[in-house]
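# Structure assessment
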Amino acid sequence: FITVQCALNRPAFFAERLYYAMKGAGTDDSTLIRIIVTRSEIDLVQIKQMFTQMYQKTLATMISNDTSGDYRRLLLSIVG
């Protein structure tokens, strides 16, 4: 099912993974870093658009609320 979901709408697939990596208490840092870094030069713009559409908040806002310090600055500089 995950493979089919990824094939049908890749930006939605990654937007959902990012959301659940930051939702609730704690952050799944390895997922967050892996997706942002690996997709940054491929389709991060589309992922950010889909994230906003799906969750009514920007990816940058959620990163800001869920991280801190240099880690936050690094992620936000990649996300743009």
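Note: the structure precedes this text.
To keep things clear, this report deals only with the structure shown in the data block. The structure displayed is predicted, hence computed values, not measured ones.

Turning our eyes to something else, we now look at the overall build of the chain. On a plain count of helices and strands, the chain comes out with 6 helices and 0 strands. Listing each helix as α and each strand as β along the chain from the N terminus yields α-α-α-α-α-α. The C-alpha atoms of the chain give 12 Å as radius of gyration, which agrees with the globular expectation for 80 residues (12 Å, within 12%). Considered along the principal axes of its C-alpha atoms, the chain spans approximately 35 × 25 × 25 Å. Counting across all 80 residues of the chain, residues that qualify as buried make up 34%. Of all intrachain contacts in the chain linking residues separated by at least 6 positions in sequence, the fraction that spans at least 24 positions is 57%. Entry remark: accessible area of the chain is about 4900 Å², with carbon and sulfur atoms responsible for 55%. For the chain, the centre of its 9 positive side-chain charges and the centre of its 7 negative side-chain charges are spaced 4 Å apart.

A separate point is the pattern of salt bridges. Opposite charge on two side chains lets them pair, provided their charged atoms get close. According to the stated counting rule, one finds 3 salt bridges in the structure shown. Its salt-bridge partner being R17, residue E16 comes within 2.9 Å of it at the nearest N-O pair. For D70, the salt bridge goes to R73, with nearest N and O atoms at 2.4 Å. Placement of both D70 and R73 in helix α6 (residues 69-79) is noted, with a separation of 3 residues, approximately one turn of the helix. R73 shares its class with D70; the two are exposed.

Definitions and limits used
- Residues numbered from 1 in each chain as written.
- Predicted model: local features only at pLDDT ≥ 70, side-chain atom pairs only at ≥ 80, totals over all residues.
- Heavy atoms only, no water.
- Helix = DSSP H or I, 4+ residues; strand = E, 2+ residues; numbered from the N terminus.
- Rg over C-alpha atoms; globule rule 2.2 N^0.38 Å.
- Buried < 20%, exposed > 50% of the residue type's maximum accessible area, 1.4 Å probe, protein only.
- Contact = heavy atoms within 4.5 Å.
- Areas by Shrake-Rupley, 256 points an atom, 1.4 Å probe, with all protein chains shown as cover.
- Lys, Arg positive; Asp, Glu negative; His and termini not counted.
- Charge placed at Lys NZ, Arg CZ, Asp CG, Glu CD.
- Salt bridge = Lys/Arg side-chain N within 4 Å of Asp/Glu carboxyl O.

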